[in-house]
Amino acid sequence: MCDGCSDDARGLGRRGFLAVLGMAAAVPVLSAGRAEAATLRDGRWCNPALGYFPSGGHYGAPRGSGSHAGQDVTNSTGTAVYAAAAGTVVRRQWGGGLGGRTGNALVISHGGGVYTYYGHLSVYRAALNQSVAAGQRIADMGATGNVTGPHLHFEVHSGGLGTTVNPVPFLTARGVALGGGWSSIDPDARGATVSAIQHLMNQRGAGLLVDGHYGGVSVAAVKRFQSGRGLVADGQVGPKTWPVLVYSLSQGVSGHHVRGLQTALNKRGAGLAVDGGFGAVTTSAVRSFQSANRLVVDGNAGPLTWRALVG
């Protein structure tokens, strides 16, 4: 589907990367002077683009004398491309300034030797040296460079720019299904997605402080919610919990669940007042998000729109 060759890439076929979608990773860290179980599903990462995996576009697929250095996500030209995590745009040029790549590209540095690459873009929406937030729109999908059709060529570099890893299991371990799917958020996560969860729980009377920290009180409330609906009460807000936690919303309703929707839209740059009222401005924001992500543009926030927002 695209170039993006790398001699150090290692292949993982379609069956292989589908098999890792349920994987999780946890690492021990020291916090406040004691060992605690920390998770990579901490809300810091999100899906960079909605679409599907084309045949032959997986990491490690043969490409000339090398192998495919990323994962392709196919959708139409103009589909929104988002920063997969917070960072700084360090490259904005043809091929990202990296060998074996063509087309308009961005590279974001996330610190700690981790970089993400976004290739074959039609439009840049972030400037060189700009700081970007996770979920911020940075570009539009396109077909620039050596391609057979529009798509995002997405790479993850870990251990320094030029050292690629398979982006599918990398994001899966961080609670993200590349290309689209419900996110997985674990206890102690932080950020806008956690705030959306807290608002949704408050619609059910939880009375949580909406502080964007998925701490003990919020986790306990979610566990009670899960238990009451016959789910595994593990406190993880993932593909089993999200569909029963979100509401289908439309213009004219109001409440904490609308605040959750507005918070999720703001992570994608909507700039809404989080006032709990689903009025004309929120409807317009929903429609804009749906259009940018090639969803049905009806202004209603149903499960597919929610899944794209929190993914």
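Up top you'll find the structure we're talking about.
It should be emphasised that the depicted structure is a prediction, and the values quoted were computed from it without experimental measurement.

J.: Sorry, what's going on with empty space enclosed by the protein here?
T.: Where empty space is left can be seen by rolling a probe of water-molecule size over the atoms. The full count for this structure, using the stated rule, is three cavities of 30 Å³ or more. The calculated volume of the largest cavity comes to roughly 40 Å³. What lines the largest cavity is simply G43, W45, R174, G175, V176, S183, S184, I185, T193, K267, V310 and G311. Classifying every residue of the lining of the largest cavity gives four nonpolar, six polar and two charged. Taken as a whole, the second largest cavity holds about 40 Å³ of empty space.

J.: Looking at this structure, I do not really get the side chain of H153. What am I missing?
T.: Mapped onto the secondary structure, H153 falls in strand β13 (residues 151–158). In this structure the side chain of H153 is engaged in a polar contact, spanning 3.2 Å, whose partner is the side chain of D72.

J.: Hey, could you run me through the packing of aromatic side chains in this one?
T.: Aromatic ring pairs: the centre-centre distance and the angle between the two ring planes describe each pair. Enumeration according to the criterion identifies three aromatic pairs in this entry. Plain terms: the ring middles of W182 and W242 are 6.1 Å apart, the flat faces sit at 15 degrees to each other, and that makes the pair stacked. With W182 in the loop between α2 (167–172) and α3 (192–203) and W242 in helix α5 (residues 242–245), this pair connects stretches of sequence that are 60 residues apart. In this structure W182 comes out as buried when scored by relative accessible area, which is 14%. Classification of W242 as buried rests on a relative accessible area of 0%.

J.: Any chance you could explain helix α4 (residues 216–228) here in plain terms?
T.: Structural remark: α-helix, 3.6 residues per turn; residues separated by three or four positions point the same way. Here α4 spans 18 Å end to end across 13 residues, near enough to the 18 Å set by a 1.5 Å rise per residue. Among the residues making up α4, those that are buried are S218, V219, A221, V222, F225 and Q226. Viewed along the axis of α4, the buried residues span an arc of 160 degrees, placing them on a single side of the element. Turned more than 90 degrees from where α4 packs its buried face, G216, V217, R224 and G228 sit exposed. In this structure, the buried side of α4 is in contact with α3 and α5. Count one or two residues on from α4 and you reach G230, which has phi positive near 75 degrees.

Reading guide: rules and limits
One numbering rule holds for all chains: residues counted from 1, following each sequence as written. The predicted origin of the model limits local features to residues at a pLDDT of at least 70 and limits the giving and counting of side-chain atom pairs to 80 or more, whereas totals for whole chains, interfaces and linings rest on all residues. Only hydrogens and water are set aside; all other atoms, that is, all heavy atoms of the structure, feed into the side-chain values. Points on a 1 Å grid over protein atoms alone make up a cavity when a 1.4 Å probe fits among them but cannot get out, and a pocket when they form an open set with protein on both sides within 12 Å along at least five of seven lines; lining residues each have an atom within 4 Å of a point. Grid points are joined across faces, edges and corners, and a volume is the space filled by probe spheres set on the points. We call Asp, Glu, Lys and Arg charged. Ala, Val, Leu, Ile, Met, Phe, Trp, Tyr, Cys and Pro are nonpolar, and the rest, Gly among them, are polar. Note on conventions: DSSP H or I runs of at least 4 residues are helices, E runs of at least 2 residues are strands, and numbering of each starts at the N terminus. Polar contact criterion, stated in full: a pair of N or O atoms within 3.5 Å, where within protein one must be able to donate a hydrogen and the other to accept it, and residues adjacent in sequence count only if both atoms are side-chain atoms. Side-chain rings of Phe, Tyr and Trp (the six-membered ring for Trp) are treated as a pair once their centres are within 6.5 Å; stacked means planes under 30 degrees apart, edge-to-face means over 60, and tilted covers the remaining angles. Burial status follows relative accessibility: with a 1.4 Å probe on protein chains alone, a residue under 20% of its type maximum counts as buried, one over 50% as exposed, and anything between as partly exposed. A helix's residues, less one, multiplied by 1.5 Å, set its expected span. What the arc covers is the set of directions going from the helix axis to the C-beta atoms. Only heavy atoms matter for contacts: two residues are in contact if any of them lie within 4.5 Å across the pair.

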